[in-house]
Amino acid sequence: MDPFLADWLNLALRWGHMIAGIAWIGTSFYFVALDFSLKRRESLPAGVAGEAWEVHGGGFYNVQKYLSAPASLPDDLIWFKWEAYLTWVTGFLLLAVVYYLAPSATLIDPAVLDLKPWAAIVISLAGIVGGWLVYDFLCRSALGQNTGVLAGLVLVLILVAAFVFTHVFSGRGAFIHLGVFIGTIMAANVFMVIIPNQRKITEALMAGVAPDPKYGVIGKQRSLHNTYLTLPALLMMVSNHYGMLTGAANGWLLVGLIVVGGATLRHFLVRHEVGDPLGKIGWTLPVIFASLGLAWLLSNSGLDWDWPNLFLRWGHMIAGISWIGTSLYFVALDFSLKNRGGLPAGVAGEAWEVHGGGFYNVRKYLTAPEKLPDDLIWFKWEAYLTWVTGFALMIVQYYLNGADYLIDPGVLALSQWQAIAISVASLIAGWIAYDLLCRSPIGRNTGGLALAVFVLILAAAYGYTHVFSGRGAFIHVGAFVGTIMAANVFMVIIPNQRKITAALIAGTAPDPKYGVIGKQRSLHNTYLTLPVLLTMVSNHFPMVTGNANAWLLIGLILVAGALLRHFLVRTEVGDAQSDIAWALPIIGSALAFAMILTTPTALPAYQGEVSDAEALTIIQSRCAACHAAKPTDPAFKQAPKGVMLETIDELRRYAGQVETQAVKNRAMPFANKTGMTVEERAKLGAWIARQ
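A quick note: this is a predicted structure, and the numbers were derived from the prediction, not measured.

1. A closer look at the overall build of the chain
And step 1. Along its length, the chain carries 26 helices and six strands.
And step 2. Rg of the C-alpha trace for the chain: 26 Å, near the compact-globule value of 26 Å for 691 residues, within the 12% margin.
And step 3. Taking the principal axes of the C-alpha coordinates as reference, the chain spans close to 85 × 70 × 50 Å.
And step 4. By residue count, 54% of the 691 residues in the chain fall in the buried class.
And step 5. Once local pairs closer than 6 in sequence are excluded, the contacts in the chain between residues at least 24 apart make up 71%.
And step 6. Carbon together with sulfur atoms contributes 66% to the accessible area of the chain, which is approximately 30,300 Å² in total.
And step 7. A gap of 3 Å separates the mean positions of the 46 positive and 42 negative side-chain charges of the chain.

2. Focus: the packing of helix α13 (residues 381-399) against helix α17 (residues 470-505)
And step 1. One can describe the packing of α13 onto α17 by two numbers: an axis separation of 9 Å at closest approach and a directional angle of 155°. By the angle class used here, α13 and α17 are roughly antiparallel. You can see that α13 and α17 cross each other, and the crossing is left-handed. On α17, the residues touching Ala-383, Tyr-384, Trp-387, Met-394 and Tyr-398 of α13 are Arg-471, Gly-472, Ile-475, His-476, Ala-479, Gly-482, Thr-483, Ala-486, Val-489, Phe-490 and Ile-494.
And step 2. Class assignment for the residues of the contact of α13 with α17 results in 11 nonpolar, four polar and one charged.

3. Some thoughts on the packing of aromatic side chains
And step 1. Per the counting criterion, the structure on display carries 33 aromatic pairs.
And step 2. Judged by centre distance (5.8 Å) and plane angle (80°), the ring pair of Phe-31 and Tyr-329 falls under edge-to-face. Highlighted residues: Phe-31 in helix α1 (residues 3-37) and Tyr-329 in helix α12 (residues 306-336), separated in sequence by 298 residues.
And step 3. You can call Tyr-329 buried: its relative accessible area is 4%.
And step 4. Both rings, one in Phe-92 and one in Tyr-100, keep their centres 6.1 Å apart while their planes meet at 80°; by these two values the pair is edge-to-face.
And step 5. Of the residues examined, Phe-92 reaches a relative accessible area of 22% and is grouped as partly exposed.
And step 6. Judged by relative accessible area, which is 13%, Tyr-100 ranks as buried.
And step 7. Through successive ring pairs, a cluster of aromatic residues spans Tyr-30, Phe-31, Tyr-61, Phe-80, Tyr-329, Phe-330, Tyr-360 and Phe-379.
And step 8. Positioned above the aromatic ring of Trp-79 is the side chain of Arg-199, whose terminal nitrogen or guanidinium carbon lies 4.3 Å from the ring centre.
And step 9. When the ring centre of Trp-378 is taken as origin, the NZ or CZ atom of Arg-498, which lies over that ring, is 4.3 Å away.

4. Considering helix α2 (residues 82-100)
And step 1. Relative to the 27 Å expected for 19 residues at 1.5 Å per residue, α2 spans 25 Å between its end C-alpha atoms, a close match to the ideal helical length.
And step 2. Restricting attention to buried positions, one finds in α2 the residues Ala-84, Tyr-85, Thr-87, Thr-90, Gly-91, Leu-94, Leu-95, Ala-96, Val-97, Val-98, Tyr-99 and Tyr-100.
And step 3. Looking at the buried residues of α2, the elements they touch are α1, α3 (103-106), α4 (117-140) and α6 (171-206).

5. Some remarks on the sheet that holds strand β5 (residues 358-365)
And step 1. Strand order across the open sheet formed by six strands is β3-β4-β5-β2-β1-β6, with mixed pairing between neighbours. Of all the strands in the sheet, the pair left with one neighbour each is β3 (78-79) and β6 (377-378).
And step 2. α12 rests against β1 (48-56), β2 (59-66), β3, β4 (347-355) and β5 of the sheet, and its axis sits at about 120° to β4.

6. Side note on the environment of Asp-633
And step 1. Mapped onto the elements of the fold, Asp-633 is located in the loop between α23 (612-622) and α24 (648-653).
And step 2. Separated by 40 residues in sequence, Asp-633 and Lys-673 place their C-alpha atoms 9.6 Å apart.
And step 3. The contacts of Asp-633, once residues within four sequence positions are left out, are Asp-404, Ala-625, Cys-626 and Lys-673.

7. Observations regarding the nonpolar core
And step 1. Membership of the largest hydrophobic core comes to 167 residues, with the highest contact counts inside it found for Leu-245 and Phe-480.
And step 2. It is α17 that contributes the most residues to this core, 17 residues altogether.
And step 3. Other than its neighbours up to four places away in sequence, Phe-480 contacts Ser-426, Leu-427, Gly-430, Leu-456, Ile-457, Ala-460 and Tyr-464.

8. A closer look at the pairing of β4
Taken residue by residue, a regular strand's side chains alternate between the two faces of the sheet.
And step 1. Buried residues dominate β4, accounting for seven of its nine residues.
And step 2. Where β3 and β4 come together, two bridges link them in parallel fashion. Following the sheet pairing, Ile-78 is matched in β4 by Glu-353.
And step 3. As paired elements, β4 and β5 share eight bridges and run antiparallel to each other. Residue Trp-352 lies in a different strand from β5, and its bridge partner there is Asn-361.
And step 4. Turn length for the β4-β5 hairpin, with the two strands adjacent in sequence and antiparallel, is two residues, and the turn residue Gly-356 shows positive phi of about 60°.

9. Comments concerning the packing of α1 against helix α7 (residues 213-237)
To describe two helices that pack against each other, one gives the angle between their axes and the distance between the axes.
And step 1. Direction vectors running N to C along α1 and α7 enclose 135°, while the axes themselves pass 11 Å from each other. On the basis of the axis angle, α1 is oblique to α7. Crossing handedness for the pair α1 and α7: left-handed. Counted together, Trp-24, Ile-25, Phe-29 and Val-32 of α1 and Asn-226, Thr-227, Thr-230, Leu-231 and Leu-234 of α7 form the full contact between these two elements.
And step 2. The class makeup of the residues in the contact of α1 with α7 is six nonpolar, three polar and no charged.

10. Here we look at the environment of Val-255
And step 1. Position of Val-255 among the secondary structure elements: in helix α9 (residues 251-274).
And step 2. With relative accessibility at 1%, the residue Val-255 sits in the buried group.
And step 3. Expressed as a C-alpha distance, the spacing of Val-255 and Trp-307, which sit 52 residues apart in the sequence, is 14 Å.
And step 4. Apart from the residues within four sequence positions on either side, Val-255 is in contact with Ile-158, Ala-162, Phe-175, Leu-178 and Met-236.

11. Concerning a nonpolar patch on the surface
And step 1. On the surface, a cluster of nonpolar side chains totalling about 380 Å² of accessible area is made up of Met-1, Leu-5, Leu-9 and Leu-101.
And step 2. Within the fold, Leu-9 resides in helix α1.
And step 3. By relative accessible area, Leu-9 is classed as partly exposed at 33%.

Conventions and cut-offs
Residues numbered from 1 in each chain as written. Predicted model: local features only at pLDDT ≥ 70, side-chain atom pairs only at ≥ 80, totals over all residues. Heavy atoms only, no water. Helix = DSSP H or I, 4+ residues; strand = E, 2+ residues; numbered from the N terminus. Rg over C-alpha atoms; globule rule 2.2 N^0.38 Å. Buried < 20%, exposed > 50% of the residue type's maximum accessible area, 1.4 Å probe, protein only. Contact = heavy atoms within 4.5 Å. Areas by Shrake-Rupley, 256 points an atom, 1.4 Å probe, with all protein chains shown as cover. Lys, Arg positive; Asp, Glu negative; His and termini not counted. Charge placed at Lys NZ, Arg CZ, Asp CG, Glu CD. Axes fitted to C-alpha atoms, helices over the stretch in contact; angles between N-to-C directions. Parallel < 35°, antiparallel > 145°, perpendicular 65-115°, else oblique. Left-handed = near helix turned anticlockwise from the far one by under 90°. Nonpolar A, V, L, I, M, F, W, Y, C, P; charged D, E, K, R; others polar. Phe/Tyr/Trp six-rings, centres within 6.5 Å; stacked < 30°, edge-to-face > 60°. Lys NZ or Arg CZ within 6 Å of the ring centre and 35° of its normal. Expected span 1.5 Å × (residues − 1). Pairing = 2+ DSSP bridges. Core = buried A, V, L, I, M, F, W, Y, C linked by side-chain atoms within 4.5 Å. Patch = residues over 30% accessible without salt bridge, like charges linked within 9 Å, V, L, I, M, F, W, Y side chains within 5 Å. Salt bridge = Lys/Arg side-chain N within 4 Å of Asp/Glu carboxyl O.

Written out as structure tokens, the structure reads:
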């Protein structure tokens, strides 16, 4: 596949994988937290294990969980499955695009094992399928009846896979395969076990017969595994940012420590949500610190910022998935509510859901019922922690390394303190400008305000791309929009919800403006979600961040992302496709225009012969400062993406990537620190064309 098209396919799949993964894992996080917040109150219907009252988006939700099906269930039960399936499908396609299309450059490392491309792909597929078969066999065996023994065996299985992958594939290929290995087990648990078992239980209960209890036990076991494997899988998926992991000689041991630390951290969070006192779960903390601390020590990375960076990125992912995943869940829930006969006064609709072997009846009140408990659940900390971890990550990644990541003298020569000051001031000013627009007369016109917010973000994008490096500019647009979204929750949505709730509980009519304003800000957050996710992964794609018209690309991303969200929302509502199909050609046109803008301009063809020695000289003088076993550029401790360009064989191995990034996109060397000339790029292009 043409490298340019492969990059765009990579970008589209990565975006889709993020959206599906957030929906799947975020929903899982929500239900785990919900189950532990259920209260057993008097006068609950028979069979109800507990209930919870939640506040979200200006509505009040009463959730009741049945451990066995009630006497009557509707036909439109909601099953949570497609999120898991789409996460796996998009992830596997992404694996194919990044690793299977160019195995010699991404999957195979001759220094580890000199494989043929077809052999590497076969081993990859066999490892993924074989991993599920062995795991499933263990669960179904007599050993699977002992929780502790099975947990130990699953850990051993992952360690064996880690040992094999790290002794067969490149470092990056090995770690991403471990993420796929675990992710396949989790998705197959849903597809092969959890959903089929839930259907068998449901069919039996609706038929009025007692279901076989083994289905519930097995489903609960697999759901528990998915819960504890989630955090390790997430860390594996971001491992490729960190050479101290993927380049470690003892990488398989690091994997084991990460699995232990991640699973124990998940246990701490789960039991904390249950309400266990610290004295009962305090043992987890030294295990977490010891396992992750030992991983740090074994990586030989020393006292630098790489591991804090990794932990912050991990935390940012966990918090962001919780926030956005919960938001996606509630938007979908609202559109699935049915107004059935016999519902209590004030109920806008209800939905019946199946998750983790339980049946949930959710009812939404547009106004508070006569009595509300004191333990209302407010969805706020997810948003706050997402912003806090994101800003801390920006400090570690960009503020502490401003000269390398944030500042590009070719764009604007700034001192480090000036770049940081502009960054902080712009984030604050962006929120103030947005808030003033919303509160102004413009804010009363939905279309006018949407256009004004679009112009505001586009103006910020223009400013950032003319002040910061390409990577710094795109990540700042993401932070700019993310700050608006988090501040909407902190400054407007939650305070307004509290005012409405206080008034309703006091028996007085709340000021309707609070509901209108809160709904407006929630709507903005909904439509800004997909664009901000794309800006957050943009740094994988120099064709975007290094483009001369990067600010226009951001505008196109806003249009395409917001309209895609609109299309998905209206589809969930049940709108006829003919009524919303107008959005598709606009989305397609925006993405097509973005591809046109990023199409590499052809260099003047170099007419002379370029010898191997001359090509190697160019690479060694312009690229090897970063892409070496021991980089001399202080910004890099390991070669970026594991790509080393010190020998002619390495140049041949990575010729496709060099052609894309250095010759066509001209995105490399990073910020053109080494001053690669147009003639040198043309010579490299001519040499590569001859191979």
